[in-house]
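One letter stands for each residue in the lines below.
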Amino acid sequence: MTGPRVLIVDDQELIRTGFRLILTARGLDVAGEAADGAAAVEAERRLRPDVILMDVRMPGMDGIEATRRILARTPDCRILMLTTFDLDRYVYAALAAGASGFLLKDVTADHLAAAVRLVGTGDALLAPSITRRLVQRFAGAGEEPAVHRDLTALTPRELEVLTLLGRGLSNTELAGALTLSEATVKTHVARIFAKLDLRDRAQAVVLAYETGLVTPSVNDR
């Protein structure tokens, strides 16, 4: 087996079985399964997976609370939320809590495996247009923010980079927009994450909207 070890969390056995078959067929190691949030917290403690596929809505402890508890104990764990709806306030809350992205449950087999491998490298899984609309709809709507709001530690250039990150630009696009090398962009991004205690680009997008650094445009609606 190659790639990250995975824990699958969903209250529907059929979905867990299907995802297990998909991932193992593509060379990924499924460390275990759990049927609710409380079981996921315990399974993560025992199995130490690299990536967790976490259903948002489950009976008992939901995926958001499980995400908070797991990341408070194991901040290096990567969690991908599973949802039926791309604009789901629970998904927003999970991103704010530190989840590294989200997948719709009708994801294709190849996309599922690719997403797990991507977040297993420490990156975030973002579909920028969906993420912007998601954050636009729910940022400031009573959700408890999980990211640092003080931007005074950033230099003017870092603020510029964070603004473009919030708009969904990749490092390559950032380099082109700012006339910088990709290596320089990566350095700026790393410093932003360190100064603001951000885990990945998903939290950077949430922060950019919650602080008003980025505001929704007509195209995001």
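Our structure is the block above this text.
Let me sum up the structure you'll find in this document. (Residues numbered from 1 in each chain as written. Predicted model: local features only at pLDDT ≥ 70, side-chain atom pairs only at ≥ 80, totals over all residues. Heavy atoms only, no water.)

## What to know about the nonpolar core
Membership of the largest hydrophobic core comes to 28 residues, with the highest contact counts inside it found for Val-9, Ile-52, Met-54, Ile-70, Ile-79 and Met-81. At the level of elements, β1 (5–9), α2 (37–47), β3 (51–55), α3 (63–73), β4 (78–83), α4 (89–97) and α10 (201–210) are the ones that each hand at least two residues to this core. Examining the composition of this core, we find that six residues originate from one element, α4, more than from any other. (Core = buried A, V, L, I, M, F, W, Y, C linked by side-chain atoms within 4.5 Å. Buried < 20%, exposed > 50% of the residue type's maximum accessible area, 1.4 Å probe, protein only. Helix = DSSP H or I, 4+ residues; strand = E, 2+ residues; numbered from the N terminus.)

## Considering the pattern of salt bridges
When charged atoms on two side chains of opposite charge get close, those side chains can pair. A full pass over the atoms with the stated rule returns 14 salt bridges. A salt bridge links Lys-105 to Asp-10; the shortest N-O distance between them is 3.0 Å. Here Asp-10 lies in the loop between β1 and α1 (13–25) and Lys-105 lies in the loop between β5 (101–104) and α5 (109–120), a separation of 95 residues in the sequence. Looking at Asp-10, the relative accessible area reads 0%, which means it is buried. In this structure, the salt-bridge partner of Glu-65 is Arg-69, at a minimum N-O distance of 2.8 Å. Here Glu-65 pairs with Arg-69, and both are found in helix α3, just four residues apart, close to one helical turn. Using a relative accessible area of 28% as the deciding quantity, one classes Glu-65 as partly exposed. The class for Arg-69 is partly exposed, based on a relative accessible area of 45%. Several salt bridges converge on common partners, so that one network encompasses Asp-10, Asp-55 and Lys-105. (Salt bridge = Lys/Arg side-chain N within 4 Å of Asp/Glu carboxyl O.)

## Details of the packing of α1 against α5
Put simply, α1 and α5 touch, their axes get as near as 9 Å, and they point 75° apart. Relative to α5, the element α1 lies roughly perpendicular. In contact with Phe-19, Ile-22 and Leu-23 of α1, α5 contributes Ala-109, Leu-112, Ala-113 and Val-116. Across the contact of α1 with α5, the residue classes break down as seven nonpolar, no polar and no charged. (Axes fitted to C-alpha atoms, helices over the stretch in contact; angles between N-to-C directions. Parallel < 35°, antiparallel > 145°, perpendicular 65-115°, else oblique. Contact = heavy atoms within 4.5 Å. Nonpolar A, V, L, I, M, F, W, Y, C, P; charged D, E, K, R; others polar.)

## A few points about the sheet that holds β3
Here five strands make up an open sheet; going across it, the order is β2-β1-β3-β4-β5 and the pairing parallel. Strand pairing shows two members of the sheet lacking a second neighbour, β2 (29–34) and β5, which therefore form its edges. Across the sheet, the mean angle separating the axes of adjacent strands is 25° when strand polarity is ignored. The pairing of β3 with β4 spans five bridges and is parallel. Directly across from Asp-55, in β4, lies its bridge partner Leu-82. (Pairing = 2+ DSSP bridges.)

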